[in-house]
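# Architecture at a glance
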Number of protein chains: 2
Amino acid sequence: MKGNIKLDATDKKILEILQKNSNITNAQLAKEIGLSPAPTLERVNKLETTGVIKSYHAVIDPAAVGLGVSTFVMVSLKGHNKDNISKFISAIKSIDEVVECHHITGAGDFILKIVCADIAAYQQLMLEKVSNIEVVDSLQSMVILSTFKDSKSLALPNQQA
Amino acid sequence: MKGNIKLDATDKKILEILQKNSNITNAQLAKEIGLSPAPTLERVNKLETTGVIKSYHAVIDPAAVGLGVSTFVMVSLKGHNKDNISKFISAIKSIDEVVECHHITGAGDFILKIVCADIAAYQQLMLEKVSNIEVVDSLQSMVILSTFKDSKSLALPNQQA
DNA sequence: GTTTATTCCAAATAAAATTTGGTCAAAAAT
DNA sequence: ATTTTTGACCAAATTTTATTTGGAATAAAC
């Protein structure tokens, strides 16, 4: 039930613009895509109700709120069975500093993205929370030294419906 | 010049709410934080002008627009000098499918997040674009099988100003 | 204890979103 | 081939929301 929504060039323009800046007014959006406000709004509403647009978020500067350490962590589990995986996932979901958790192919089983205040907080988080999840076997941390690209826009492919 | 902005409990509430849903009306936001619309708006504006809130974005469903493959790629460069690093970064910035690029400690030098249509598109992207960056030494791909957490909200730490 | 800064509210105003009614053109049906 | 239906659109009215204003209350500075 996904991927079968037809998007024309106008819809794509809307998605490109709203991914870059969702605080644009409907009137301005209408002007940029070359339509009047009424059908523009209608299209945006349709994109929302069909689930193409999932949500809208403010992005904050981590440094400005005292979040100085971001990391990726590769996690290997003790067993790869469904039960262990769901135990791991539910434990991870309760840790606020873990902002992403993906099941992956390759070296590890999961990759996490963690954002927290400083190295001390990170150490404590890893020792007291992540390491303590019983099904966790090994952890490999990669500390982010600096971020050169963090686009909030996905490049839209040429539909192959 | 970062991290020295004082945020009280009300500001934090605002940030928590706007990270979760930036499309809330100012009136509703005011109600949720227990203030009237005027000072609420004033606080939001201040958070924007001081750079605490960086931007606002719509999040789209990758599957709904035909983006079926997401990966992390660990990249090692041939040399770790400034010149090679800046060559790599500028090449990466021009590839739309690369949505994130972080300089990291640990196994590789950089980690990328890539989102594209399918495995064929991914292969082509890697072969024709990423591998072709001259300073790239080795690449290790991790394909995302499924995503269990992708929070757009950072957990705000207790200020230590 | 006065002044100065903030922070806030209620109410007025301005701007924006949303609805409405109807036109037009393309596609489907007859 | 003509009619009907459908979908997308626009202009303008209406409703909702954002924003400004002026002033009160509070707390910090002097």
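Residues numbered from 1 in each chain as written. Chains lettered and ligands numbered in written order. Predicted model: local features only at pLDDT ≥ 70, side-chain atom pairs only at ≥ 80, totals over all residues. Heavy atoms only, no water.

## Some words on the protein's contact with DNA strand D
Let me state the cut-off plainly: For this description, a residue counts as near a given molecule or strand if any of its non-hydrogen atoms is within 4 Å of it. For this analysis, a polar contact is any N or O atom pair within 3.5 Å, provided that within protein one partner can donate a hydrogen and the other can accept it, and provided that sequence-adjacent residues contribute only side-chain to side-chain pairs. By definition, any uninterrupted DSSP run of H or I lasting at least four residues is a helix, any uninterrupted run of E lasting at least two residues is a strand, and each is numbered from the N terminus.
For DNA strand D, the full set of nearby residues is Leu35(A), Ser36(A), Ala38(A), Pro39(A), Arg43(A), Thr25(B), Asn26(B), Ala27(B), Ala38(B) and Leu41(B). The contact in question runs from a phosphate oxygen of DNA strand D to an N or O atom on the side chain of Arg43(A), over 3.0 Å. Between Asn26(B) and DNA strand D, the recorded distance is 2.7 Å, taken from a backbone N or O atom to a phosphate oxygen. Of all the secondary structure elements, the ones that give two or more residues to the surface near DNA strand D are α3 (37–49) of chain A together with α2 (26–33) and α3 (37–49) of chain B. No other element matches the 3 residues that α3(A) contributes to the surface near DNA strand D.

## Brief notes about the sheet that holds strand β4 (residues 110–116) of chain B
Adjacent strands of a sheet pair through backbone hydrogen bonds, lying either parallel or antiparallel. Rule in force here: Pairing between two strands requires that DSSP report at least two bridges joining them. Between the N-to-C directions of two axes lies an angle of 0 to 180 degrees, each axis being a line fitted to C-alpha atoms and, for a helix, fitted only over the stretch in contact. Only heavy atoms enter the contact rule, under which two residues are in contact if any of them lie within 4.5 Å.
The strand order around the closed barrel built from 8 strands is β2(A)-β4(A)-β3(A)-β5(B)-β2(B)-β4(B)-β3(B)-β5(A), with neighbouring strands paired in antiparallel fashion. Taken pair by pair, the neighbouring strands of this sheet meet at an average axis angle of 35°, ignoring direction. As judged from the 5 bridges shared by strand β3 (residues 98–104) of chain B and β4(B), these two strands associate in the antiparallel manner. Bridge pairing in β4(B) links His102(B) to Ile111(B). Strands β2 (69–77), β4 (110–116) and β5 (136–150) of chain A of the sheet are contacted by helix α5 (residues 119–130) of chain A, whose axis makes an angle of about 135° with β4(A). Each of β5 of chain A together with β2 (69–77), β3, β4 and β5 (136–150) of chain B is contacted by helix α4 (residues 82–93) of chain B, which is oriented at about 10° to β4(B), the strand it contacts most.

## Structural notes on the relation of the copies chain B and chain A
The criterion, for reference: Overlaid copies result from least-squares superposition on C-alpha atoms, with residues included only where pLDDT is at least 70 in both.
Mapping chain B onto chain A leaves a residual RMSD of 0.0 Å; the transformation is a rotation of 180° accompanied by 0.0 Å of translation along its axis. Here the two chains are linked by the operation of a two-fold rotation axis. Scanning chain B for the C-alpha nearest the rotation axis identifies His57(B), at a separation of 2.8 Å. With an isologous cut-off of 70% or more, the 100% of interface residues of chain B that recur at the interface of chain A puts this contact in the isologous class.

## Let's talk about the packing of aromatic side chains
Each pair of aromatic rings is reported with the distance of its centres and the angle of its planes. Selection rule: Stacked, tilted and edge-to-face pairs are distinguished by plane angle, under 30 degrees for stacked and over 60 for edge-to-face with tilted covering the rest, among Phe, Tyr and Trp rings (Trp via its six-membered ring) whose centres lie within 6.5 Å. Each residue is placed in one exposure class: buried if its accessible area under a 1.4 Å probe, protein chains only, is under 20% of its type's maximum, exposed if it is over 50%, and partly exposed if it falls in between.
In the structure shown here, the tally under the stated rule is 5 aromatic pairs over all chains. A ring pair is formed by Phe72(A) and Phe72(B), whose centres lie 5.5 Å apart and whose planes are at 65°; its orientation type is edge-to-face. Placement of Phe72(A) in strand β2 and of Phe72(B) in strand β2 is noted, with the two residues assigned to different chains. We classify Phe72(A) as buried; its relative accessible area is 1%.

## Observations concerning the pairing of β2(B)
All names here are of chain B. For β2, the tally of buried residues reaches 9 of 9 residues, placing the bulk of the element in the interior. In terms of strand pairing, β2 meets β4 through 7 bridges, oriented antiparallel. Across the sheet, Val73 pairs through a bridge with Leu112, a residue of β4. Relative to β5, β2 is paired through 7 bridges, and the arrangement is antiparallel. Considered in β5, the bridge of Thr71 is made with Val143.

## A closer look at the domain arrangement of chain A
Accessible area lost upon the coming together of the parts is a frequently used measure of interface size. Test applied: Residue ranges assigned to the domains are those given by an automatic or database domain assignment.
Entries for chain A in the domain assignment read domain 1 (9–49) and domain 2 (63–143). Here domain 1 of chain A and domain 2 of chain A have C-alpha centroids that lie 37 Å from each other.

## Let's talk about the nonpolar core
How we decide: Here, the term nonpolar core denotes a set of buried Ala, Val, Leu, Ile, Met, Phe, Trp, Tyr and Cys residues that are joined through side-chain atoms within 4.5 Å.
Val65(A), Leu15(B), Leu18(B), Leu29(B) and Ile53(B) are the most contacted members of the largest nonpolar core, which totals 23 residues. Secondary structure elements with two or more residues in this core: β1 (53–60) of chain A together with α1 (9–20), α2, α3 and β1 (53–60) of chain B. Considering each element in turn, this core owes the most residues, 4 residues, to α1(B). Residue contacts for Ile53(B): discarding those within four places in its chain leaves Ala58(A), Val59(A), Ile60(A), Leu15(B), Leu18(B), Leu47(B) and Glu48(B).

## Points about the interface of chain B and chain A
Which entries qualify depends on this criterion: By buried area we mean the combined loss of accessible area, with a 1.4 Å probe, across both parts when two parts are placed together. Note on definitions: salt bridges are taken to be side-chain nitrogens of Lys or Arg within 4 Å of carboxyl oxygens of Asp or Glu.
Residue-level contacts link 68 residues of chain B with 69 residues of chain A. The contact between chain B and chain A buries some 6200 Å² in all, and 62% of this surface belongs to carbon and sulfur atoms. Its largest share of buried area at the contact with chain A, chain B owes to His57(B), Phe148(B) and Lys149(B), together 12% of the area lost on that side. Linking chain B to chain A there are 2 salt bridges. Here chain B is connected to chain A by 41 residue pairs in polar contact (both at pLDDT 80 or more). Of all the secondary-structure elements, those providing two or more residues to the side of chain B that touches chain A are α1, β1, β2, α4, β3, β4 and β5 of chain B. Tallying contributions element by element places β5(B) first for the side of chain B that touches chain A, with 10 residues. Examined bridge by bridge, β1(A) and β1(B) share 7 bridges and lie antiparallel to one another.

## Digging into the protein's contact with DNA strand C
Thr25(A), Asn26(A), Ala27(A), Ala38(A), Leu41(A), Leu35(B), Ser36(B), Ala38(B), Pro39(B), Arg43(B) and Lys46(B) make up every residue found near DNA strand C. Those atoms of DNA strand C that come within 4 Å of the protein belong to sugar or phosphate at a rate of 76%. At a separation of 2.6 Å, a phosphate oxygen of DNA strand C approaches a polar backbone atom of Asn26(A). Measuring from a phosphate oxygen of DNA strand C, one finds a backbone N or O atom of Ser36(B) at 2.7 Å. Those elements giving two or more residues to the surface near DNA strand C turn out to be α2 (26–33) and α3 of chain A together with α3 of chain B.

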